[in-house]
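Residues per chain, in single letters:
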Amino acid sequence: MRIDVVTIFPSYLAPLREALLGRAIDRGLIEVAVHDLRDWTHDVHQAVDDSPYGGGPGMVMKPQVWGEALDSVIGPVIDSPARLVVPTPAGRPFTQQLAHEWTSAERLVFACGRYEGIDQRVVDHYAQRMPVDEVSIGDYVLVGGEVAVLVMVEAVVRLLPGVLGNPRSAAEDSFSDGLLEGPAYTRPEVWRDLPVPPVLRSGDHAAVDRWRRDRALERTARLRPDLLAALPPDALDEADRAV
Ligand code: 6GU
């Protein structure tokens, strides 16, 4: 997968080359390019924004600059099976399901807006040529899309084949079965008077699986009742319902 990010703060994206993502780059599993939007300005001030039509506070990012930048980064559509992602608090929610969907894209291009956003015609124009997603990472407002891109890229790349050492890590994540994951424990057996739940040391794999399932159900009911309510009707069996 190739990932392009267009931003006015390229250094904000430096963490894309750290840790798990950095290793994926070094191993050739992904290719990452970060582009400075101002490279596509023509005026001495390198202006990327202007005041909004209709008035109001803040500034809007100019469509001409974005158009030149994205034409150049995306390239001819014919040889570019790319998806365009525009992070915005006004977008649809980014979810694990969307992360999975994006893993089948050969290219992801992220357009980071700042200020009050990007002129809407940029999204409307590219939506005529390619899949475009306006996406939010949660119900709060960030200053720009850069941090959201870090979040989304990390969520997608860890799902790509070969990126995680143990594929079960992704398969058994929170959300993969629609539930939050229950608690985890390691040595020592007792820490500050707190013991590890004995069933985990019992060697009874069926009992361990049942216990983990019960803790996941309990935690999800307590912290995310909305997730429980959204499960398909056949997701819970009789033993689950007894929790
Ligand atoms: Cl994707 N961008 C910005 N600027 N704020 C956000 C967001 C994105 N998601 C939640 N808040």
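Everything below is about the structure shown above.
Reference entry: report on the structure contained in this document. The model shown is predicted, which means the values in this text are computed figures rather than measured ones. (Residues numbered from 1 in each chain as written. Predicted model: local features only at pLDDT ≥ 70, side-chain atom pairs only at ≥ 80, totals over all residues. Heavy atoms only, no water.)

Another aspect to go through is the overall build of the protein chain. A tally of regular secondary structure across the protein chain gives nine helices and nine strands. A compact globule built from 243 residues should have a C-alpha radius of gyration of about 18 Å, whereas the protein chain, at 22 Å, is more than 25% larger. With the principal axes as the frame, the protein chain shows a C-alpha extent of 70 × 40 × 40 Å. A buried classification covers 39% of the 243 residues belonging to the protein chain. (Helix = DSSP H or I, 4+ residues; strand = E, 2+ residues; numbered from the N terminus. Rg over C-alpha atoms; globule rule 2.2 N^0.38 Å. Buried < 20%, exposed > 50% of the residue type's maximum accessible area, 1.4 Å probe, protein only.)

Here we come to the site of the ligand. Inspection of the region around the ligand gives P87, T88, P89, V135, S136, I137, G138, Y140, V141, L142, G144 and A148 as its neighbouring residues. Contact between the ligand and Y140: a nitrogen atom at 2.5 Å from a main-chain N or O atom of the residue. With respect to the ligand, the backbone of G144 contributes an N or O atom lying 3.4 Å from a nitrogen atom. For the ligand, the accessible surface in isolation is 290 Å², of which the surrounding protein chains cover 97%. If you list the elements that add at least two residues to the shell around the ligand, you get β5 (82–93) and β7 (132–136). In terms of residue count, the dominant contributor to the shell around the ligand is β5 (three residues). (Near = heavy atom within 4 Å. Polar contact = N/O pair within 3.5 Å; in protein donor to acceptor, adjacent residues only side chain to side chain. Areas by Shrake-Rupley, 256 points an atom, 1.4 Å probe, with all protein chains shown as cover.)

Below, the discussion takes up helix α2 (residues 63–74). Here α2 is twelve residues long and its end C-alpha atoms lie 16 Å apart, about the 16 Å a rise of 1.5 Å per residue gives. Of all the positions in α2, only V65, W66, G67, A69, L70, V73 and I74 are classed as buried. Against the buried residues of α2 lie β1 (2–7), β2 (31–36), β4 (60–61), β5, β6 (107–111) and α4 (120–126). In the segment just after α2, G75 is the residue with positive phi, at about 75°. (Expected span 1.5 Å × (residues − 1). Contact = heavy atoms within 4.5 Å.)

Let's shift gears to the packing of aromatic side chains. For the coordinates displayed, the defined rule picks out three aromatic pairs. Here F94 and W102 contribute two aromatic rings whose centre-to-centre distance is 5.3 Å and whose plane-to-plane angle is 40°, an arrangement assigned as tilted. With respect to class, F94 is no different from W102; both count as buried. Arranged with centres 6.2 Å apart and planes meeting at 70°, the rings of W102 and F110 form a pair that is edge-to-face. For the pair formed by W102 and F110, the shared burial category is buried. Stacked on the ring of Y12, the Lys or Arg R114 has its end atom at 5.1 Å from the ring centre. (Phe/Tyr/Trp six-rings, centres within 6.5 Å; stacked < 30°, edge-to-face > 60°. Lys NZ or Arg CZ within 6 Å of the ring centre and 35° of its normal.)

For the rest of this paragraph, the subject is the side chain of T220. Summarising the element assignment, T220 is placed in helix α7 (residues 205–223). With residues near it in sequence (within four places) discarded, T220 still touches L179, L180, P225, L227 and L228.

Mapping L180 onto the fold places it in the loop between α6 (167–171) and β8 (190–191). The exposure class of L180 is buried, given its relative accessible area of 13%. Filtering out sequence-adjacent residues up to four positions away, L180 remains in contact with S174, F175, A216, R219, T220, L223, R224 and L227.

The next point concerns the nonpolar core. In terms of nonpolar packing, the biggest core is built from 32 residues, with F94, W102, F110 and V157 touching the most fellow members. At eight residues, helix α5 (residues 146–157) tops the list of elements feeding residues into this core. Of all hydrophobic cores here, the second largest spans 22 residues; its members include V48, M61, V65 and A82. (Core = buried A, V, L, I, M, F, W, Y, C linked by side-chain atoms within 4.5 Å.)

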